[in-house]
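One letter stands for each residue in the lines below.
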Amino acid sequence: MGSAKKTGSAERKARIEEMRRAEKARERRSRLLMITGSVVVVAGLVAGGVFVIQKNKDDNDAKAVADAKASGKFETGSDGVKTWKGTLGRTHVTKKVTYPTVPPVGGDHAAVWMNCNGDVYPKALNDMNAVHSLEHGAVWVTYNSKAPKADVDALAAKVRKTPYTLMSPDDKQADPIMLTAWGHQRTVTAASDPNVDKFFEKYVQGEQTPEPGAACTGGLAK
C-alpha cells in the first residue's frame, strides 16, 4: 500500500516536471509568436482603421459578458467535494464578470492568469485572473479572517512547494478554509485535514483541467 502510494506520488511529480518543461518551451514559442503577431496587428490597424477594430472588440466584449454567468448548480458527492453541474464559460473578457459562487469555480475570465507556481498572495485576488489559473489546472486555496493563523501558515508552506497551486485570502467566502479547482470545490476543517492532500492529489492538473499543461508562470504576480 505504502509502496503504491510512493509510486503514484513519484509519477505525479514526474508528470508535473514534464509539464513544466513543456511550459517553458511553449513560453519561448509564445514570445516569438507575440513579436510576429504584433507586427501583423500594427499593419492591420494602419490598413483597416483603428475605429473599426475597436468597435468589433467592444461588440465581442459585450456579448461575452452577457454570456459570462455560469448556469447550473453544485452537487455534493459522498467525499464532500461539490461539483458544478452545468455550463462554465471559457471566453476571455475585459469587463467585470459576476460569478455565482464564492470563490468562483470557473466561467469567463481575464486573458491573463495569476501565477500559480506555488504562489502565496497576501491580499485578495481579482477573481477573473484566478479563474484563468483554474483553467490551467491549478488548485486555489482561500481563507477568511476566521481561519487560524497556524492553519494559514501550514497551508502556505504546502502551496509553496506544490506547482500548479496558489493561495490568497477571501473574506467574502462563507467558510474559513476552502479549496477550489475548475468545476470543483470543498471546505476543509484545518490544514491537517486529510482532505487537503486528497484534493491536491486529485485536482492539481487533474482530469477536470480544461487546458492541461498550460502555463502557471508568466502571468500576473500581484
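Description of the structure in this document. As the structure is a computational prediction, the values presented were derived from the model and not from experiment.

### Focus on the overall build of the protein chain
The number of helices and strands found in the protein chain is five helices and seven strands. Each helix and strand of the protein chain, placed in order from N terminus to C terminus, yields the pattern α-α-β-β-β-α-β-α-β-β-β-α. Counting only residues that meet the buried cut, the protein chain has 41% of its 222 residues in that class. In the protein chain, 69% of the contacts between residues at least 6 apart in sequence involve partners at least 24 apart.

### Side note on the packing of aromatic side chains
Within this structure, the stated rule accounts for two aromatic pairs. In this arrangement the basic side chain of K158 is found over the ring face of F200, its NZ or CZ atom lying 4.9 Å from the centre.

### Concerning the packing of helix 4 (residues 149–160) against helix 5 (residues 194–203)
Where helix 4 contacts helix 5, the two axes come as close as 13 Å, and the packing angle between them is 25°. Looking at the two axes, helix 4 sits roughly parallel to helix 5. By crossing handedness, the relation of helix 4 to helix 5 is classed as right-handed. Every residue of helix 5 that contacts helix 4 at L155, K158 and V159 is listed here: V196, D197 and F200. Partitioning the contact of helix 4 with helix 5 into residue classes produces four nonpolar, no polar and two charged.

### Side note on unusual backbone geometry
Residue P103 is bonded to the preceding V102 through a cis peptide linkage, with omega at -10°. Turning to its location among the elements, P103 is positioned in the loop between strand 2 (82–87) and strand 3 (117–120). For Y164, which is not glycine, the phi dihedral falls at a positive 65°. One non-glycine residue, Q205, adopts positive backbone phi at about 55°. Here Q205 shows up in the segment after helix 5.

### Some details on helix 3 (residues 127–135)
Of all the nine residues making up helix 3, nine are buried; the element is thus mostly covered by neighbouring parts of the structure. Restricting attention to buried positions, one finds in helix 3 the residues D127, M128, N129, A130, V131, H132, S133, L134 and E135. Among the structural elements, strand 4 (139–143), strand 5 (165–169) and strand 6 (177–181) are those in contact with the buried residues of helix 3. Put simply, N126 is the residue that caps the front of helix 3, since its side-chain oxygen is 2.8 Å from the backbone nitrogen of M128. Two residues or fewer past helix 3, G137 is found with a positive phi of approximately 95°.

### Points about the side chain of N144
Topologically, N144 is positioned in the loop between strand 4 and helix 4. Here N144 falls in the buried class, since its relative accessible area comes to 7%. Side-chain polar atoms of N144 contact the backbone oxygen of Q173, separated by 3.3 Å.

### Some details on the nonpolar core
If you look at the biggest cluster of nonpolar residues, it comprises 38 residues, and the most contacted ones within it are L166, M167 and F200. Of all the secondary structure elements, the ones that give two or more residues to this core are helix 3, strand 4, helix 4, strand 5, strand 6 and helix 5. Setting aside anything within four residues of it in sequence, one finds L166 in contact with M114, N115, C116, D119, Y121, L125, S133, A138, V139, W140, V141 and V159.

Definitions and limits used
Residues numbered from 1 in each chain as written. Predicted model: local features only at pLDDT ≥ 70, side-chain atom pairs only at ≥ 80, totals over all residues. Heavy atoms only, no water. Helix = DSSP H or I, 4+ residues; strand = E, 2+ residues; numbered from the N terminus. Buried < 20%, exposed > 50% of the residue type's maximum accessible area, 1.4 Å probe, protein only. Contact = heavy atoms within 4.5 Å. Phe/Tyr/Trp six-rings, centres within 6.5 Å; stacked < 30°, edge-to-face > 60°. Lys NZ or Arg CZ within 6 Å of the ring centre and 35° of its normal. Axes fitted to C-alpha atoms, helices over the stretch in contact; angles between N-to-C directions. Parallel < 35°, antiparallel > 145°, perpendicular 65-115°, else oblique. Left-handed = near helix turned anticlockwise from the far one by under 90°. Nonpolar A, V, L, I, M, F, W, Y, C, P; charged D, E, K, R; others polar. Polar contact = N/O pair within 3.5 Å; in protein donor to acceptor, adjacent residues only side chain to side chain. Core = buried A, V, L, I, M, F, W, Y, C linked by side-chain atoms within 4.5 Å.

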